[in-house]
Amino acid sequence: MRIIVCIKQVPDPEYASMDKETGTVVREGVELMVNPFDLYAVEEALKIKEEFGGEVIAISMGPPQTEGALKEVIAMGVDEGILLTSLDFAGADTLATSYTLSMACKKISDFDLVLCGKQAIDGDTAQVGPGIAAHLGIPQITFVRKIDAITSERIRAERLVEGGYEVISSPFPLVMTVVKEINEPRLPTLKGKLRARKVEIKKWGPEDINVDKKRIGSEGSPTMVDEIFTPVLTKEGKIYSDEEMEEAVSEIITAQEEMGLI
Ligand SMILES: Cc1cc2nc3c(=O)[nH]c(=O)nc-3n(C[C@H](O)[C@H](O)[C@H](O)COP(=O)(O)OP(=O)(O)OC[C@H]3O[C@@H](n4cnc5c(N)ncnc54)[C@H](O)[C@@H]3O)c2cc1C
């Protein structure tokens, strides 16, 4: 099984902040980490490899320091890391990001599964995984909490939905996004850390993955951030004591009448 895992380097939430002018996350001069959900994707990829053989390749689009994130997952057991890095990729929204990652998947080729976290803790859109599947024209199963069967032809998984789960089966190749219920990510081993120190992370730019330059970076990003603000809580609650029950009932009826509900 040839598995690609998409990992994103994100600012540690303890130090993260937003640039109100540009509407983007401030990434300079802050502690960085691997997006926590992506560690679950890495762990699942490693478990599948341990059972069925094959290889796990991690890819990430980001500035040069993202190499550190790739080395972190290599220390967990990932075979290879590829960094998509170029000024031309900068300023990408989710459309351009998923297009770029999908073109890297095409270049890697012959993959069976692309694994992503359910969302990044900074951008938080959960759009990149589904976007990659759409660009590649392959099936997707999002919010996977358990992979319960793998055959040479198909994979079956449980995906979280509100109030329960769905069981979905898909042929290969496909994209999956995973939630934290799926596993417990392993810690890097000493052997893994030593390997990560020596391993060379491949660096690919736009020419290496044959992208249409109009579809990457800020030029390929139609998203406009209008404004960033903390929403004002408009709902108000009122707590009545036992003695105020009559008053409560009458106030609730009046409110419902005013709203035209009764
Ligand atoms: C106008 C605009 C400009 C922006 N400019 C920048 C910028 O210059 N630099 C920047 O870093 N961000 C930038 N962003 C944010 C960037 O678009 C998003 O962070 C990115 O598209 C991923 O979206 P998300 O964080 O919501 O990921 P989600 O969709 O929530 O992520 C889901 C999963 O997709 C995978 N994934 C997501 N992003 C990557 C990645 N880069 N590499 C590998 N896997 C990934 C991971 O597995 C992740 O768990 C910009 C956004 C906008 C709207």
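One can find the structure itself at the top, above this paragraph.
My aim in this report is to walk through the structure given alongside it, one point at a time. Note that this is a predicted model, so its numbers are computed, not measured.

Procedures and definitions
- Residues numbered from 1 in each chain as written.
- Predicted model: local features only at pLDDT ≥ 70, side-chain atom pairs only at ≥ 80, totals over all residues.
- Heavy atoms only, no water.
- Helix = DSSP H or I, 4+ residues; strand = E, 2+ residues; numbered from the N terminus.
- Expected span 1.5 Å × (residues − 1).
- Buried < 20%, exposed > 50% of the residue type's maximum accessible area, 1.4 Å probe, protein only.
- Pairing = 2+ DSSP bridges.
- Axes fitted to C-alpha atoms, helices over the stretch in contact; angles between N-to-C directions.
- Contact = heavy atoms within 4.5 Å.

## As for helix H1 (residues 36-52)
Each α-helix turn comprises 3.6 residues. Residues three or four places apart therefore point the same way.
Part 1 of the argument: With 17 residues, H1 should reach 24 Å at 1.5 Å per residue; the first-to-last C-alpha distance of 25 Å fits that figure.
Part 2 of the argument: Gly53 lies just past H1 and shows a positive phi near 80°.

## Focus: the pairing of strand E1 (residues 2-6)
Part 1 of the argument: Across the five residues of E1, four count as buried, placing the element largely inside the fold.
Part 2 of the argument: For E1 and strand E6 (residues 55-61), the ladder comprises five bridges, and the chain directions are parallel. When the sheet's bridge partners are listed, Ile3 is paired in E6 with Val56.
Part 3 of the argument: Looking at chain direction, E1 and strand E8 (residues 113-117) are connected through three bridges and run parallel. Residue pairing for E8: Ile3 is matched across the bridge by Leu113.

## Focus on the sheet that holds E8
Strand pairing within a sheet occurs via backbone hydrogen bonds; the two strands may be parallel or antiparallel.
Part 1 of the argument: Read from one edge to the other, the open sheet built from nine strands follows the order E11-E10-E9-E12-E8-E1-E6-E7-E13, with strand pairing classed as mixed. Each edge of the open sheet is held by one strand with a lone partner, namely strand E11 (164-171) and strand E13 (202-204). When strand polarity is set aside, the average angle formed by the axes of neighbouring strands in this sheet is 35°.
Part 2 of the argument: Of the strand pairs in this sheet, E8 and strand E12 (residues 174-178) are connected by five bridges, and their pairing is parallel. Residue Cys116 lies in a different strand from E12, and its bridge partner there is Thr177.
Part 3 of the argument: Against the sheet, helix H2 (residues 67-76) touches E6, strand E7 (80-84) and E13, its axis set at about 165° to E7.
Part 4 of the argument: Each of E1, E6, E7, E8 and E13 is contacted by helix H3 (residues 94-108), which is oriented at about 145° to E6, the strand it contacts most.

Spatial relationships are all this shows, so hold off on functional conclusions.
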